[in-house]
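Spelled out from the first residue to the last, the chains are:
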Amino acid sequence: MQDTKHHFQVLDGLRGIAALAIVIFHFMEIVQTDYTKNFMGHGFLAVDFFFCLSGFVIAYAYDGRIREMGRLTFFKRRIIRLHPLVVIGSVLGLLAFLFDPYSDASDNYSPWQILLIFLASIFMVPYPVMEDRYFNLFGLNAPAWSLFWEYMASLLYALVLYRISKRWLAMGVVFMASALAMVAYRSDLLVGGWNGDTFWDGGIRIGFSFLMGMLIYRAKWTVKNRLGFLGLSLLLAAALLMPFFAHNWLMELLVVLFFFPCIIALGSATRLESSLTGVCRLFGNISYPLYMTHYAIMWIFAGYFSSGPGEGQLFAVILFGTLALLAFAYVVMKGFDIPIRNYLNKQFAGNREARQYH
């Protein structure tokens, strides 16, 4: 969002909570592959929260300005915002793959195969060929699957969505909700989208949540409240930490269809405690770097876990690892992401002014 527009700081903070939940979920799914026995077994739903929040933010930031700025400018801004961390996430994934102290999996690939996998990761081309990594769409940086769909949503927004009426948008929400219900019923877990076999599940997940986020903004579904950042963080955590039920697919579906949109509607109109303003700002800023840089460590952790560490040692490693990933994400944000984006934005602004002058 631009500096000239109101900033939803509570929603920024909630995005950070969701990113942290994803990191913990990825640690825990390695330790306990049976999600029903995993205290963070629903952590993957944080991605659906990201998608819904993304639709809200994109509509808020660009609905009234995309015609004036043009599609090309919109695309450039999205690339500048998203792609530097796509690159660094791919580089980190490559380094972890080549120098993993617990695995020699890289020996199974030729240099040309590794180069092709890396280029596909850099340019966001789904390439599910790594069998030892469960045919992830992006074997070097697994979370990039959701960024692929973010790019697709941005493309569709610039081509079609920004100009459709609320009525058509609502019809799209209903249609995608029906599709999401079929996916949930079929799979019992709304976790698909990350590999070749579940590729289109990812499109359906973002299809509903992104459109719903847009609809929340356009329909002005805001609810004034005093829950604040802490209250809404507890609500978000409750959804991600809820137990498994006999009809699990229905509970996860209800969370995505209704609960997450309600949190965003509440978060856009709640009061933020002044003492938590800095926390929300930090969480919002660090969320994307954390999401895009943490998974290289997960593959190394998986190899370490296979060596059979004790429970006490394992707890210490996960705790320290989570804190270290938070610190590393902050360093990446300050030392790489922000400087690169500032440089690219200046270059882009300079080129645009030069064209206008001539």
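Thresholds applied
- Residues numbered from 1 in each chain as written.
- Predicted model: local features only at pLDDT ≥ 70, side-chain atom pairs only at ≥ 80, totals over all residues.
- Heavy atoms only, no water.
- Phe/Tyr/Trp six-rings, centres within 6.5 Å; stacked < 30°, edge-to-face > 60°.
- Buried < 20%, exposed > 50% of the residue type's maximum accessible area, 1.4 Å probe, protein only.
- Helix = DSSP H or I, 4+ residues; strand = E, 2+ residues; numbered from the N terminus.
- Expected span 1.5 Å × (residues − 1).
- 1 Å grid on protein atoms, 1.4 Å probe; cavity = no way out; pocket = protein on both sides within 12 Å on 5 of 7 lines; lining within 4 Å.
- Points joined across faces, edges and corners; volume = space filled by probe spheres on them.
- Core = buried A, V, L, I, M, F, W, Y, C linked by side-chain atoms within 4.5 Å.
- Contact = heavy atoms within 4.5 Å.
- Salt bridge = Lys/Arg side-chain N within 4 Å of Asp/Glu carboxyl O.
- Lys, Arg positive; Asp, Glu negative; His and termini not counted.
- Polar contact = N/O pair within 3.5 Å; in protein donor to acceptor, adjacent residues only side chain to side chain.
- Axes fitted to C-alpha atoms, helices over the stretch in contact; angles between N-to-C directions.
- Parallel < 35°, antiparallel > 145°, perpendicular 65-115°, else oblique.
- Left-handed = near helix turned anticlockwise from the far one by under 90°.
- Nonpolar A, V, L, I, M, F, W, Y, C, P; charged D, E, K, R; others polar.

Evaluated as defined, the whole model comprises 28 aromatic pairs. For the ring pair Phe 199 and Trp 200, a centre distance of 4.9 Å and an interplane angle of 80 degrees mean the geometry is edge-to-face. The class of Trp 200 is exposed, set by a relative accessible area of 62%. Their ring planes at 80 degrees and their centres at 6.3 Å tell us that Phe 229 and Phe 283 sit as a pair that is edge-to-face. Here the residue Phe 229 occupies a position in helix 9 (residues 228–241), and Phe 283 occupies one in helix 11 (residues 277–293), the gap between them amounting to 54 residues. By relative accessible area, Phe 229 is classed as buried at 4%. Among the aromatic residues, ring-to-ring pairing joins Phe 27, Tyr 102, Phe 301, Tyr 304 and Phe 305 into one connected group.

The next subject is helix 1 (residues 9–31). Given a rise of 1.5 Å per residue, 23 residues ought to cover 33 Å, and the 34 Å separating the end C-alpha atoms of helix 1 matches this to within 8%. With 18 of its 23 residues buried, helix 1 lies for the most part within the structure.

This next bit is on empty space enclosed by the protein. If you walk through the whole model with that rule in mind, you get one cavity of 30 Å³ or more. Quantified by volume, the largest cavity comes out at close to 40 Å³. What lines the largest cavity is simply Ile 117, Ala 120, Ser 121, Val 125, Tyr 127, Leu 137, Phe 138, Gly 139 and Leu 140.

Moving on, we come to the nonpolar core. Residues Leu 14, Leu 45, Phe 49, Tyr 157, Phe 208, Leu 236 and Phe 260 are the most contacted members of the largest nonpolar core, which totals 107 residues. Considering every element that reaches this core, the biggest residue donor is helix 2 (residues 46–62), with 14 residues. With residues near it in sequence (within four places) discarded, Leu 45 still touches Leu 190, Leu 240, Met 242, Glu 252, Val 255, Val 256 and Phe 260. Counting residues in hydrophobic clusters, the runner-up holds ten residues, among them Ala 105, Tyr 109, Ile 117 and Phe 118.

This paragraph deals with unusual backbone geometry. Of note in the backbone geometry, Tyr 134 takes a positive phi value of approximately 60 degrees without being a glycine. Within the secondary structure, Tyr 134 sits in the loop between helix 5 (111–122) and helix 6 (144–159). Take Tyr 134: its relative accessible area is 54%, and that puts it in the exposed class. Non-glycine residue Phe 135 carries a positive phi angle of around 55 degrees.

Looking now at the pattern of salt bridges. Enumeration according to the criterion identifies five salt bridges in this entry. The residue Asp 12 makes a salt bridge to Arg 15 at a minimum N-O spacing of 3.2 Å. Of this pair, Asp 12 and Arg 15 both sit in helix 1, three residues apart, which is roughly one turn of the helix. The exposure class assigned to Arg 15 is partly exposed, which follows from its relative accessible area of 22%. The salt bridge involving Arg 186 is made with Asp 201; its shortest N-O contact spans 2.7 Å. Of this pair, Arg 186 sits in helix 7 (residues 166–187) while Asp 201 sits in helix 8 (residues 199–218), and the two are 15 residues apart along the sequence. The class of Arg 186 is exposed, set by a relative accessible area of 54%.

A word on the side chain of Glu 150. Relative to the helices and strands, Glu 150 resides in helix 6. Arg 78 provides the closest opposite charge to the buried, unpaired Glu 150, separated from it by 4.3 Å. A distance of 2.8 Å separates polar atoms of two side chains, one belonging to Glu 150 and the other to Ser 54. Apart from residues no more than four positions distant in its own chain, Glu 150 is found in contact with Phe 50, Phe 51, Ser 54, Arg 78 and Ile 206.

With that settled, the discussion passes to the packing of helix 2 against helix 8. At a minimum axis separation of 7 Å, helix 2 and helix 8 run at an interaxial angle of 40 degrees. The orientation of helix 2 relative to helix 8 falls into the category oblique. When the axes of helix 2 and helix 8 are compared, the crossing they make is right-handed. Across from Val 47, Asp 48, Phe 51, Cys 52, Ser 54, Gly 55, Phe 56, Ile 58, Ala 59 and Tyr 60 in helix 2, the residues of helix 8 making contact are Arg 205, Ile 206, Ser 209, Phe 210, Met 212, Gly 213, Met 214, Ile 216 and Tyr 217. Grouping the amino acids of the contact of helix 2 with helix 8 by side-chain chemistry returns 13 nonpolar, four polar and two charged.

It is at 10 Å that the axes of helix 1 and helix 9 come closest, and there the two elements cross at 30 degrees. Seen along the crossing, helix 1 lies across helix 9 with a hand that is right-handed. Side by side, helix 1 and helix 9 meet where Val 10, Gly 13, Leu 14, Ile 17, Ala 18 and Ala 21 of the first sit next to Phe 229, Leu 232, Ser 233, Leu 236 and Leu 240 of the second.

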